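Structural overview
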Amino acid sequence: MVLSDRSIKEQMAVGRIVVEPCEPADIQPSSVDLHLGPSFQVFRNSRYPYIDPSVEQRGLMDMVEATPGEPFVLHPGEFVLGATIERVVLPSDIVARLEGKSSLGRLGLLIHSTAGYVDPGWSGSLTLELSNVANLPIVLTPGMLIGQISFMHMTTPVDRPYGSPGLGSRYQGQVEPTPSRPQRRSR
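In what follows, the accompanying structure is described.

Of the regular secondary structure elements, the protein chain holds two helices and twelve strands. The N-to-C order of helical and strand elements in the protein chain reads α-β-β-β-β-β-β-β-α-β-β-β-β-β. Relative to the globule expectation of 16 Å for 187 residues, the C-alpha radius of gyration of the protein chain, 17 Å, shows essentially globular dimensions. With the principal axes as the frame, the protein chain shows a C-alpha extent of 50 × 40 × 25 Å. The buried share of the protein chain, reckoned over its 187 residues, is 42%. Considering only contacts in the protein chain between residues 6 or more positions apart, those separated by 24 or more positions represent 73%. Between the mean site of the 16 positive side-chain charges and the mean site of the 19 negative ones, the protein chain shows a separation of 6 Å.

So, in structure tokens, the structure goes:
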């Protein structure tokens, strides 16, 4: 079941769910608002002729820092990685969903392609997969509302939370936009 604002506050008060920083106004009826951090990972198209997900391609992306005075401009058709200001920590019996704000979606800004699911046991900031599907550039200012996270209580705690040894968790503890890391498992 999806946690209500009351349940979110209760879980946060006892430290089972962590969203830091979090102001009271950030807690919505069934989610918590998240804010955009200042760092962005931008593709360097001239370094490789293609993307190969099976290998690490050093230098495929470069970090760019924005400020409120010099925001990041996301052009039509462009894809970059950003991150939330907030650090999120989940216990082994709560899973979360990251979603965009409808006001930004109506302008053509998507905040995730496929990474909207936050596993039980997660700890770190959330990398955002930012895409502009509009016909005009979109200004992204550090600190702006960028998305929301909702929480669901699982039927039982998981046996192996995200970050457990042997699970292959590649992004635990991240604090800035983290580029793709090669998958080590194959079928």
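Another point: the sheet that holds strand S12 (residues 145–153). Within the open sheet, the four strands sit side by side as S2-S12-S7-S9. Their pairing is antiparallel. The open sheet has two edge strands, strand S2 (32–35) and strand S9 (117–118), and neither has a second partner. Here four bridges tie S2 to S12, and the two strands are oriented antiparallel to one another. Directly across from leucine 34, in S12, lies its bridge partner glycine 147.

As a further point, take the packing of aromatic side chains. Two aromatic rings are characterised by how far apart their centres lie and by the angle between their planes. In the structure shown here, the tally under the stated rule is three aromatic pairs. With 4.4 Å between their ring centres and 15° between their planes, phenylalanine 40 and phenylalanine 72 make a pair best called stacked. A residue pair is termed long-range when its members are at least 10 positions apart, and phenylalanine 40 in strand S3 (residues 39–43) and phenylalanine 72 in strand S5 (residues 72–74) qualify at 32 residues. Judged by relative accessible area, phenylalanine 40 falls into the buried class, the value being 0%. Taking the relative accessible area as the measure of exposure, phenylalanine 72 reaches 10% and is therefore buried. Pairing phenylalanine 43 with phenylalanine 79 gives two aromatic rings, centres 6.1 Å apart and planes at 35°, and the pair type is tilted. On the criterion of sequence distance, the pair formed by phenylalanine 43 in strand S3 and phenylalanine 79 in strand S6 (residues 79–89) is long-range, its members being 36 residues apart.

What follows covers the environment of aspartate 62. Mapped onto the fold, aspartate 62 is located in strand S4 (residues 61–65). Separated by 91 residues in sequence, aspartate 62 and histidine 153 have C-alpha atoms that sit 37 Å apart. Leaving out residues up to four positions away in the same chain, aspartate 62 has contacts with Phe40, Gln41, Val42, Arg44 and Arg47. Engagement of the side chain of aspartate 62 in a polar contact is seen with the side chain of arginine 44, the distance being 2.5 Å.

What follows covers the layout of surface pockets. Counted as a void, the largest pocket has a volume near 1,500 Å³. Around the largest pocket, the lining comprises 44 residues; the ones closest to its centre are Arg170, Tyr171, Pro179, Ser180 and Arg181. Listed by contribution, the elements that provide at least two residues to the lining of the largest pocket are S6, S9 and strand S10 (123–132).

The next subject is the pattern of salt bridges. A full pass over the atoms with the stated rule returns six salt bridges. Among the ionic pairs, glutamate 20 bridges to arginine 87, the shortest N-O distance being 2.8 Å. Of this pair, glutamate 20 sits in strand S1 (residues 18–20) while arginine 87 sits in strand S6, and the two are 67 residues apart along the sequence. For aspartate 62, the salt bridge is made with arginine 47, and the minimal N-O distance between the two is 2.9 Å. Placement of aspartate 62 in strand S4 and of arginine 47 in the loop between S3 and S4 is noted, with a sequence separation of 15 residues between them. For arginine 47, a relative accessible area of 43% puts it in the partly exposed group. In the salt-bridge network here, residues are joined through shared partners; they are Arg44, Arg47 and Asp62.

Rules of the game
- Residues numbered from 1 in each chain as written.
- Predicted model: local features only at pLDDT ≥ 70, side-chain atom pairs only at ≥ 80, totals over all residues.
- Heavy atoms only, no water.
- Helix = DSSP H or I, 4+ residues; strand = E, 2+ residues; numbered from the N terminus.
- Rg over C-alpha atoms; globule rule 2.2 N^0.38 Å.
- Buried < 20%, exposed > 50% of the residue type's maximum accessible area, 1.4 Å probe, protein only.
- Contact = heavy atoms within 4.5 Å.
- Lys, Arg positive; Asp, Glu negative; His and termini not counted.
- Charge placed at Lys NZ, Arg CZ, Asp CG, Glu CD.
- Pairing = 2+ DSSP bridges.
- Phe/Tyr/Trp six-rings, centres within 6.5 Å; stacked < 30°, edge-to-face > 60°.
- Polar contact = N/O pair within 3.5 Å; in protein donor to acceptor, adjacent residues only side chain to side chain.
- 1 Å grid on protein atoms, 1.4 Å probe; cavity = no way out; pocket = protein on both sides within 12 Å on 5 of 7 lines; lining within 4 Å.
- Points joined across faces, edges and corners; volume = space filled by probe spheres on them.
- Salt bridge = Lys/Arg side-chain N within 4 Å of Asp/Glu carboxyl O.

Read these as spatial facts, not as claims about activity.
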